[in-house]
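# An overview of the molecular structure
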Amino acid sequence: RKKLARLYVPAIAVGALYLAATMFAPGVNAGAVHYGLLDVFFFPFAHYWFIQALIVILVVVGLAEALGLMSTPRRYALSLVASMAIQVSGAASAEIQFFSIARAGYLLPFFVLGIGVQRYAGRLQWNETFTLAVLFVFGVTLSMHIAGVFGVYGLPLEQRTFTALMLS
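Residues numbered from 1 in each chain as written. Predicted model: local features only at pLDDT ≥ 70, side-chain atom pairs only at ≥ 80, totals over all residues. Heavy atoms only, no water.

## Some remarks on the overall build of the protein
Assigned secondary structure in the protein consists of eight helices and zero strands. Ordering the α and β elements of the protein from the N terminus gives α-α-α-α-α-α-α-α. Scored against the burial criterion, the 168 residues of the protein give a buried share of 27%. In the protein, the proportion of contacts linking residues at least 24 apart, taken out of those at least 6 apart, comes to 65%. Total accessible area on the protein is roughly 10,900 Å²; 71% of this is exposed by carbon and sulfur atoms. (Helix = DSSP H or I, 4+ residues; strand = E, 2+ residues; numbered from the N terminus. Buried < 20%, exposed > 50% of the residue type's maximum accessible area, 1.4 Å probe, protein only. Contact = heavy atoms within 4.5 Å. Areas by Shrake-Rupley, 256 points an atom, 1.4 Å probe, with all protein chains shown as cover.)

## Thoughts on the side chain of Q52
With respect to the element layout, Q52 can be found in helix α3 (residues 49-66). Excluding residues that lie within four positions of it along the chain, Q52 makes contacts with V40, F41, F42, F43, P44, F99 and S100.

## Topic: empty space enclosed by the protein
Following the criterion strictly, the structure yields one cavity of 30 Å³ or more and no others. The computed volume of the largest cavity comes to approximately 50 Å³. As for the largest cavity, its lining consists of Y8, A11, I12, G15, V40, F43, F45, Y48 and Q52. Element by element, the count of residues in the lining of the largest cavity is highest for helix α1 (residues 2-24), at four residues. Partitioning the lining of the largest cavity into residue classes produces seven nonpolar, two polar and no charged. (1 Å grid on protein atoms, 1.4 Å probe; cavity = no way out; pocket = protein on both sides within 12 Å on 5 of 7 lines; lining within 4 Å. Points joined across faces, edges and corners; volume = space filled by probe spheres on them. Nonpolar A, V, L, I, M, F, W, Y, C, P; charged D, E, K, R; others polar.)

All we've got here are geometric facts, nothing functional implied.
Structure, rendered in structure tokens:
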């Protein structure tokens with residue numbers, strides 16, 4: 001409740017003021033405004049979508065914590081894989097606009113990964129093999145992206161693909 005109050009109440013107030021300002025000066029930042037005042041509370045608006053997505057992520061992670069889904073390294077790993085699957089699957093790419101749910105699905109693996117690094121980094125055996133594996137994944141995905149940018153292979157990376165997720 002405290003996080004909700006600290007995040008959402010200011011977001012509503014500032015979002016409403018931002019909406020009012022863009023109504024009086026349309027086209028200044030993002031073109032004509034097609035939002036009503038109540039839309040700001042429930043749908044992504046300008047850069048305030050991030051706060052809505054963060055609230056959704058905090059609720060999902062809070063439920064996962066309450067259910068013990070990240071209480072052990074194995075359960076955490078399954079939670080991370082599930083969050084990655086949500087991002088790259090149709091669940092995250094289906095533009096569910098209400099409360100920025102689709103965008104929360106996009107950000108979820110990064111948030112879950114941050115939790116794991118904070119909680120379980122001491123358990124990783126960071127050795128030469130692990131370093132080489134990380135560098136290999138990074139090198140392959142970056143090479144694929146560069147090849148796509150220059151038209152050598154496929155297309156440049158798009159969001160919500162496994163390759164883009166690995167590069168990130």
